[in-house]
Amino acid sequence: MNWSFKVARASGIDIKVHITFLIIVIIGAAQFAAHGVPGYLFGAAMILLLFLCVTLHELGHSVVAQRFGVQVRQIVLLPIGGVAMMQRIPSNPWQELWIAVAGPLVNVVIALALAIGVGFNQATGRMNLTDLLQMARGGPSAGLMLVWLFQANVALVLFNMIPAFPLDGGRVLRAILAMRMNYARATAVAGGIGQFMAILLGLYGLLAGHFLILIVAVFIFLAAGAEQVESRARTVLTGFRVGEAYNRDAATLAETDPLDTVIHRILTSYQPDFAVLNGRNLAGVVTRADVIGALAHGARDVSVRQVMKPQAARVSADATLDQVRQTMSDAGARLAAVYDGAHFLGLVSTEDIEEAAALLQFMNGNGSSPRPKDGGVVV
Ligand code: ZN
């Protein structure tokens, strides 16, 4: 995301703040303008502590996702909240459930810790709950900060558990449904409930004059629709095996072929990727980008062996296209080598899978042809 600045790194994940986030800090600071400079500082500190809680919430999602082998690209803090950008959302319902629940659980722990802290201080006579609530009604004070942070964490849990995509409650609902029905049906049901909840929330925002709530409701409504489209693409890919989808007529190369042979093949066949064979075994892979790279370095008089990449992600012919897409995404690869046992069959690329998804959607009677996207966002 552009206009985001890295502020920290935790568990191997960059934590970034979007430039518009400053607006919220300024609004927070202005809340206590009547108290002068200490008021401004107090208001800004309140917002920063709130977003520390939001960051911990996102880290909750992220650390659990990492445990399931999902790479988390980054966490970005926006004025409307935080997002954790993941390489993929697991289609295993239990994994999605744990990832979704982990975020709100962090806020439950923070709220409990604040409540226990207050209770402990009250028991030892150092702080009195009545005084604390009294303090919370006045100007900047430790009491106000404590009560406000407690309320903010409770609100984060309640809001995020509304069963509407992309909120955590929507993911929990889909995961529970997906344990009893297929993934696409579960997404359709959860998405429908989510859009209904978003309409209710939007009406409330409109009637009560809370325009931020109205904006959030519109965002939830659209995201719930997008999730359904994405899930349909995923479902067609689950029903198709890569052994039926790889290009079996692709031209191949030998390690000793000169680079000129590859250039000629690219120009005359439009084939962008080539398997380099050693007998019947795969020795490496050459892509159009590799050829352009070699030419850019002035290396024209070389053989395929000097240009090729010696390995490729390996997938079995009976893997579904969705599994292949996940393997390639995990390996950060654009290409995978399809094998039947130890026997190399051919190559498949992310573009091949996108095309297969579009085609299969049309064959299944879904007019739209969404491209299966790589990655997912957890709020
Ligand atoms: Zn969350």
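Above: the structure in question.
Okay, so let's go over this structure. (Residues numbered from 1 in each chain as written. Predicted model: local features only at pLDDT ≥ 70, side-chain atom pairs only at ≥ 80, totals over all residues. Heavy atoms only, no water.)

Quick word on the overall build of the chain
Phase 1: Looking only at helices and strands, one finds 13 helices and eleven strands in the chain.
Phase 2: Radius of gyration (C-alpha) of the chain: 27 Å, far over the 21 Å computed for a compact globule of 379 residues.
Phase 3: Seen through its principal axes, the chain has C-alpha atoms that stretch 85 × 45 × 40 Å.
Phase 4: When the 379 residues of the chain are sorted by exposure, 45% land in the buried category.
Phase 5: In the chain, once contacts between residues fewer than 6 apart in sequence are set aside, the share between residues at least 24 apart is 60%.
Phase 6: When the accessible surface of the chain is split by element, carbon and sulfur atoms take 64% of a total near 19600 Å².
Phase 7: Where the 27 positive side-chain charges of the chain centre and where its 24 negative ones centre are 6 Å apart. (Helix = DSSP H or I, 4+ residues; strand = E, 2+ residues; numbered from the N terminus. Rg over C-alpha atoms; globule rule 2.2 N^0.38 Å. Buried < 20%, exposed > 50% of the residue type's maximum accessible area, 1.4 Å probe, protein only. Contact = heavy atoms within 4.5 Å. Areas by Shrake-Rupley, 256 points an atom, 1.4 Å probe, with all protein chains shown as cover. Lys, Arg positive; Asp, Glu negative; His and termini not counted. Charge placed at Lys NZ, Arg CZ, Asp CG, Glu CD.)

Comments concerning the environment of Leu77
Phase 1: You can see Leu77 is positioned in strand β3 (residues 72–78).
Phase 2: Once the C-alpha coordinates of Leu77 and Ala184 are considered, the two residues, 107 residues apart in sequence, prove to be 30 Å apart.
Phase 3: Not counting residues up to four positions away in its chain, the partners in contact with Leu77 are Lys16, Val17, His18, Phe21, Phe51, Val54, Thr55 and Gly82.

So, the pattern of salt bridges
Phase 1: As enumerated under the stated definition, the model contains nine salt bridges in all.
Phase 2: For Lys309, the salt bridge is made with Asp290, and the minimal N-O distance between the two is 2.5 Å. Within this pair, whereas Lys309 is found in the loop between α11 (304–307) and β8 (313–316), its partner Asp290 is found in helix α10 (residues 288–296), the two being separated by 19 residues in sequence.
Phase 3: Put simply, Glu351 and Arg334 hold a salt bridge, and the shortest N to O gap is 3.1 Å. In this pair, Glu351 sits in helix α13 (residues 350–363) while Arg334 sits in the loop between α12 (321–331) and β9 (335–340), placing the two residues 17 residues apart along the sequence.
Phase 4: Owing to a relative accessible area of 32%, Arg334 belongs among the partly exposed residues under this scheme.
Phase 5: Beyond isolated ion pairs, a larger network of salt bridges with shared partners links Lys6, Arg9 and Asp14. (Salt bridge = Lys/Arg side-chain N within 4 Å of Asp/Glu carboxyl O.)

Topic: the sheet that holds strand β10 (residues 343–349)
Phase 1: Pairing in this open sheet of three strands is mixed, and the strands run β8-β9-β10 from one edge to the other. Each edge of the sheet is formed by a strand with only one pairing partner; in this case those strands are β8 and β10. When strand polarity is set aside, the average angle formed by the axes of neighbouring strands in this sheet is 35°.
Phase 2: Relative to β9, β8 is paired through four bridges, and the arrangement is parallel. Within β9, the position partnered with Ser316 by the bridge is Tyr339.
Phase 3: Strands β8, β9 and β10 of the sheet are contacted by α12, whose axis makes an angle of about 165° with β8. (Pairing = 2+ DSSP bridges. Axes fitted to C-alpha atoms, helices over the stretch in contact; angles between N-to-C directions.)

Brief notes about helix α9 (residues 259–269)
Phase 1: Within α9, the full set of buried residues consists of Leu259, Val262, Ile263 and Ile266. Buried residues of α9, seen end-on, are gathered within an arc of 100° and therefore sit on one face of the element. Residues of α9 that are exposed and angled more than 90 degrees away from the buried face: His264 and Thr268.
Phase 2: At its buried positions, α9 is contacted by β5 (252–254), β6 (273–278), β7 (281–287), α10 and α11.
Phase 3: One or two residues past the end of α9 sits Tyr270, with phi positive at roughly 65°. (Arc of directions from axis to C-beta.)

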